[in-house]
Amino acid sequence: MPRPPGRKQENHKISRELFVLTYGALVAQLCKDYEKDEDVNTCLDRMGYGIGVRLIDDFLARSAAKKCRSYSETADMIAQVAFKMYLGVTPRVSCSSAAGNEFSLILDKNPLVDFVEELPAERASLCYCNLLCGVIRGALEMVHLAAEVTFLQDRLKGDAVTEIGITFLRKAEDRKHKRNK
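Residues numbered from 1 in each chain as written. Predicted model: local features only at pLDDT ≥ 70, side-chain atom pairs only at ≥ 80, totals over all residues. Heavy atoms only, no water.

*Asks:* Looking at this structure, how should I read the state of the cysteines?
*Replies:* The bond known as a disulfide is covalent and runs between the sulfur atoms of two cysteines. One pass over the full model with this rule turns up 0 disulfides. With no disulfide partner, Cys129 has as its closest neighbouring cysteine sulfur the one in Cys133, 8.8 Å distant. Accessibility expressed as a relative area gives 1% for Cys129, which makes it buried. Free of any disulfide, Cys133 has its nearest cysteine sulfur in Cys127, 7.1 Å distant. (Disulfide = S-S within 2.5 Å. Buried < 20%, exposed > 50% of the residue type's maximum accessible area, 1.4 Å probe, protein only.)

*Asks:* Whenever I open this one, the side chain of Asp45 confuses me. Can you help?
*Replies:* Structurally, Asp45 is set in helix α2 (residues 37–63). A residue is classified by how much of its surface remains accessible, and Asp45, at 17% relative accessible area, is buried. At a separation of 3.3 Å, a polar atom in the side chain of Asp45 contacts the main-chain amide nitrogen of Gly134. (Helix = DSSP H or I, 4+ residues; strand = E, 2+ residues; numbered from the N terminus. Polar contact = N/O pair within 3.5 Å; in protein donor to acceptor, adjacent residues only side chain to side chain.)

*Asks:* In this structure, what is going on with helix α3 (residues 71–87)? I would like to understand it.
*Replies:* Along an α-helix, residues three or four apart share an orientation, since each turn contains 3.6 residues. At Ile78, α3 shows its maximal kink, close to 30 degrees. Buried within α3 are the following residues: Tyr71, Thr74, Ala75, Ile78, Ala79, Ala82, Phe83, Met85 and Leu87. Positioned one or two residues after α3, Gly88 has a phi angle of 75 degrees, which is positive. (Bend = angle between axes of the 7 residues up to and from the residue.)

*Asks:* Would you take a moment to explain the nonpolar core for this structure?
*Replies:* Most often, soluble globular proteins have nonpolar side chains that are buried together. Of all hydrophobic cores here, the largest spans 38 residues; its most connected members are Phe83, Ile136, Ile164 and Ile166. Apart from residues lying up to four places away in sequence, Ile164 is in contact with Phe83, Phe103, Ser104, Leu105, Leu107, Leu132, Cys133, Ile136, Val149, Thr150 and Phe151. Ranked by size, the runner-up nonpolar core spans 5 residues in total, among them Phe59, Ala82, Met85 and Ala139. (Core = buried A, V, L, I, M, F, W, Y, C linked by side-chain atoms within 4.5 Å. Contact = heavy atoms within 4.5 Å.)

*Asks:* Mind showing me how you'd approach the packing of aromatic side chains here?
*Replies:* The relative placement of two aromatic rings is captured by the distance of their centres and the angle of their planes. All chains considered together, the criterion is met by 4 aromatic pairs. Taken together, a centroid distance of 6.2 Å and an interplanar angle of 75 degrees make the contact between Phe103 and Phe168 edge-to-face. Here the residue Phe103 occupies a position in strand β2 (residues 102–107), and Phe168 occupies one in strand β4 (residues 162–168), the gap between them amounting to 65 residues. Residue classification places Phe103 among the buried residues on the basis of a relative accessible area of 3%. For Phe168, a relative accessible area of 0% gives the class buried. By way of ring pairs, the aromatic residues Phe19, Tyr23 and Tyr128 are connected into one cluster. (Phe/Tyr/Trp six-rings, centres within 6.5 Å; stacked < 30°, edge-to-face > 60°.)

*Asks:* I tried to follow the environment of Leu55 on my own but got confused; where do I start?
*Replies:* Within the fold, Leu55 resides in helix α2. Separated by 84 residues in sequence, Leu55 and Ala139 place their C-alpha atoms 6.9 Å apart. Those residues within four positions of Leu55 in sequence are excluded, and the remaining contacts are Tyr86 and Val135.

If you want it as C-alpha cells, here you go:
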C-alpha cells in the first residue's frame, strides 16, 4: 500500500518537535539534579559528545559526503549538510581567524529553543544548547579532527543570534605533514 504524498515531511516535523520537547525536559531534569550551571553544561557536553561519536556514522552513510580538504570545507559541511539534515536549519559560516582554523556557525533560528522564552535569572550561566557543542566535537573527533567547540553568543541570554565557535586544534599543514611520513 503506497504512502500518501507528503507523509515523510510530516513525520520529520513531528519527530523534531518531539526531540525539542524531550530535550527541554532533559535540561529541566539536569537543572534539578545539579545545583551548578557548570555541572549541567558539562553533562550536556558529555551527552552531546556521545551522540556525536555515534551520529557521524549515520551522517556519512546518509549524506554521501566526500572527504573535506580544508577546515573551511568542514565548517561548511557541518552547517550546510549536517545542521540541515538533523535540525532543519542552515547556519551561516564565518571564518574568524587569519590562520583559517576558527569558524563561527551563526544561527538566526535555533530549533532547540522553539519552546523556551528565556532562562531563569538563577540559571544565567547555563548553556541550554551545550549538547550541540558536544555533538560537533564528538563527530569531528571520529574523523580525526580535534576541535574546541563553545557557545560564543546565545539568544536565550539576550544576544541577537546564537553563535557556536569551532576552533580546530591542529593546523592543516600538521595534518598533511603527518600523512606524508
